[in-house]
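Each chain, written out:
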Amino acid sequence: MATEEVAKPSPLPPYPEMILAALDGLGDKNGSNKSAISRYIEGKYGELPPAHASLLTAHLARMKESGELIFLKNNYFRSDAPDAPPKRGRGRPPKVRDPNAPPPPPKPASTGSGRPRGRPPKAKDPLDAAVAQATAGMPKARGRPPKKAKTESAAPAPAGDGSTPVKRGRGRPPKVRPVVPSETAAA
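In short, a report on the structure. Remember, predicted model here, so these are calculated numbers, not experimental data.

### Re the pairing of strand β2 (residues 75-78)
Turning to step 1, where the next piece is worked out: Pairing of strand β1 (residues 69-72) with β2 involves four bridges; the strand directions are antiparallel. Residue pairing for β2: Ile70 is matched across the bridge by Phe77.
Turning to step 2, where the next piece is worked out: Hairpin remark: β1 followed by β2, antiparallel, with two residues in the connecting loop; positive phi at Lys73, about 55 degrees.

### Points about helix α1 (residues 15-26)
Turning to step 1, where the next piece is worked out: Between its first and last C-alpha, α1 extends 16 Å over twelve residues, near the 16 Å set by a 1.5 Å rise per residue.
Turning to step 2, where the next piece is worked out: Where α1 is concerned, the buried positions are Tyr15, Met18, Ile19, Leu20, Ala22 and Leu23.
Turning to step 3, where the next piece is worked out: Elements that come into contact with the buried residues of α1 comprise α2 (34-45), α3 (52-66), β1 and β2.
Turning to step 4, where the next piece is worked out: One or two residues past the end of α1 sits Gly27, with phi positive at roughly 60 degrees.

### Some details on the side chain of Ser38
Turning to step 1, where the next piece is worked out: Structurally, Ser38 is set in helix α2.
Turning to step 2, where the next piece is worked out: Using a relative accessible area of 15% as the deciding quantity, one classes Ser38 as buried.
Turning to step 3, where the next piece is worked out: For Ser38, the contacting residues outside a window of four places in its chain are His52 and Leu56.

What counts and what doesn't
Residues numbered from 1 in each chain as written. Predicted model: local features only at pLDDT ≥ 70, side-chain atom pairs only at ≥ 80, totals over all residues. Heavy atoms only, no water. Pairing = 2+ DSSP bridges. Helix = DSSP H or I, 4+ residues; strand = E, 2+ residues; numbered from the N terminus. Expected span 1.5 Å × (residues − 1). Buried < 20%, exposed > 50% of the residue type's maximum accessible area, 1.4 Å probe, protein only. Contact = heavy atoms within 4.5 Å.

Right, dumping it as structure tokens:
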């Protein structure tokens, strides 16, 4: 006879059942955190797989996504528990209306009453209309317009007598050196 070891089924229930049993067993109205659930499972079932921490984390996340558990303030609640907090949507909650306050007055219809919305249209200039009509078939040029060519003929060299202003070049002007009379010229 061969002594074969038959793989006996795991004595542990599935993780979702253990988690729900832990939440019921702990019975905290503020919910139970992951470490409390883990301690409860370890205490009750004893021999757990070496990957217990990662299995517990994965099953808690899956149950949270499926809606079996509610996760609030780092604690897990059963979704069907009577003391579970209501599930909130994303974003800012709506303002609470006072039931004794009078209803707000209805808004007037915006058709024809008061000012229209948006920027007012530009005034129609007859000259602009004629230019727009003349250039209607041509596409509008893009970018900066080119510089206009100089229409003056070659300008004469400016005189330095002060009668006409001298056009300065760009940047800082060069340093003017004073003329010092040399001693050899005087002798």
